[in-house]
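As a plain string of letters, each chain reads:
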Amino acid sequence: MKLSDIQGERVFDVIADVIDPIANIAQDEKASAMFRREPLPEGMTAKQFATQRARKSLPELLKGHKGDIIAILAAIEGVSADDYKGALNLVKLTRDAVELLTDEAFVTLFISAQSEKSSGSAPENTEGKSE
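Residues numbered from 1 in each chain as written. Predicted model: local features only at pLDDT ≥ 70, side-chain atom pairs only at ≥ 80, totals over all residues. Heavy atoms only, no water.

Here's the deal with the pattern of salt bridges
Logical step 1: According to the stated counting rule, one finds four salt bridges in the structure shown.
Logical step 2: Among the ionic pairs, lysine 92 bridges to glutamate 77, the shortest N-O distance being 2.7 Å. Taken as a pair, lysine 92 in helix α6 (residues 90-101) and glutamate 77 in helix α4 (residues 66-77) lie far apart in primary sequence, 15 residues in all.
Logical step 3: With a relative accessible area of 9%, lysine 92 lands in the buried category.
Logical step 4: Residue class for glutamate 77 comes out partly exposed when judged on its relative accessible area of 37%.
Logical step 5: Linking aspartate 82 and lysine 85 is a salt bridge whose minimum nitrogen-to-oxygen distance equals 3.7 Å. (Salt bridge = Lys/Arg side-chain N within 4 Å of Asp/Glu carboxyl O. Helix = DSSP H or I, 4+ residues; strand = E, 2+ residues; numbered from the N terminus. Buried < 20%, exposed > 50% of the residue type's maximum accessible area, 1.4 Å probe, protein only.)

Some words on the nonpolar core
Logical step 1: Ranked by internal contacts, the top residues of the largest apolar core, which has 21 residues, are Ile72, Ile76, Phe106 and Phe110.
Logical step 2: Those elements that place two or more of their residues in this core are α1 (10-26), α4 and α7 (104-119).
Logical step 3: Sorting elements by how many residues they give to this core places α4 first, with seven residues.
Logical step 4: The contact partners of isoleucine 76, leaving out residues within four places of it in the chain, are Met1, Lys2, Leu3, Ile6, Arg10, Val14 and Leu100. (Core = buried A, V, L, I, M, F, W, Y, C linked by side-chain atoms within 4.5 Å. Contact = heavy atoms within 4.5 Å.)

Examining the layout of surface pockets
Logical step 1: Computed from the structure, the largest pocket encloses a volume of approximately 580 Å³.
Logical step 2: What lines the largest pocket is a set of 23 residues, among which Met34, Phe35, Leu58, Ala97 and Leu101 lie closest to the centre.
Logical step 3: Those elements that place two or more of their residues in the lining of the largest pocket are α3 (46-64), α4, α6 and α7.
Logical step 4: The biggest single contributor to the lining of the largest pocket is α6, with seven residues.
Logical step 5: Taken together, the residues that form the lining of the largest pocket break down as 19 nonpolar, two polar and two charged.
Logical step 6: Looking at the second largest pocket, its volume works out to about 160 Å³. (1 Å grid on protein atoms, 1.4 Å probe; cavity = no way out; pocket = protein on both sides within 12 Å on 5 of 7 lines; lining within 4 Å. Points joined across faces, edges and corners; volume = space filled by probe spheres on them. Nonpolar A, V, L, I, M, F, W, Y, C, P; charged D, E, K, R; others polar.)

Some remarks on the environment of isoleucine 72
Logical step 1: Considering the arrangement of structural elements, one finds isoleucine 72 in helix α4.
Logical step 2: What makes isoleucine 72 buried here is its relative accessible area of 3%.
Logical step 3: Sequence-wise, isoleucine 72 and proline 21 are 51 residues apart; in three dimensions their C-alpha atoms are separated by 6.7 Å.
Logical step 4: What isoleucine 72 contacts, discounting residues up to four positions off in sequence, is Val18, Pro21, Ile22, Ile25, Leu100 and Phe106.

A word on the confidence of the model for the protein chain
Logical step 1: Averaged over all residues, the pLDDT of the protein chain is 83; the fraction at 70 or higher stands at 85%.
Logical step 2: Confidence, read as mean pLDDT per element, is least for α7 in the protein chain (68) and greatest for helix α5 (residues 81-87) (97). (pLDDT = per-residue confidence, 0-100.)

Thoughts on empty space enclosed by the protein
Logical step 1: One pass over the full model with this rule turns up one cavity of 30 Å³ or more.
Logical step 2: Here the largest cavity defines a volume of roughly 60 Å³.
Logical step 3: Taken together, Met1, Leu73, Ile76, Glu77, Asp96 and Glu99 make up the lining of the largest cavity.
Logical step 4: Elements that contribute at least two residues to the lining of the largest cavity include exactly α4 and α6.
Logical step 5: Looking at the lining of the largest cavity element by element, the count peaks at three residues for α4.

Have a look at this one:
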């Protein structure tokens, strides 16, 4: 299941459940590197570039953020982390991870978490204020 497939009031619960694990990953420079928007280097195909980025970031993401990944995937699937872990195998993890990483809604949410941490505080809204 993709984040973009979730509908109705369940959206609130899932977003609430994935905020912390997404923020944890976004704050890890090495693990979050594969999610950063970067220009395609000259002479490299999109597939080559994606593979290169995955080689650098995926081990850190998988080894350093198992709990975060499980929390995200369990929330999207609508089960507890323990139930998700109990059903986990290589095929399930691969399928679920690919679905998640190709889900535009998740990527957008993750990138917004990254930009929030890198931009510091939000700019003040001065519209309508008198001096």
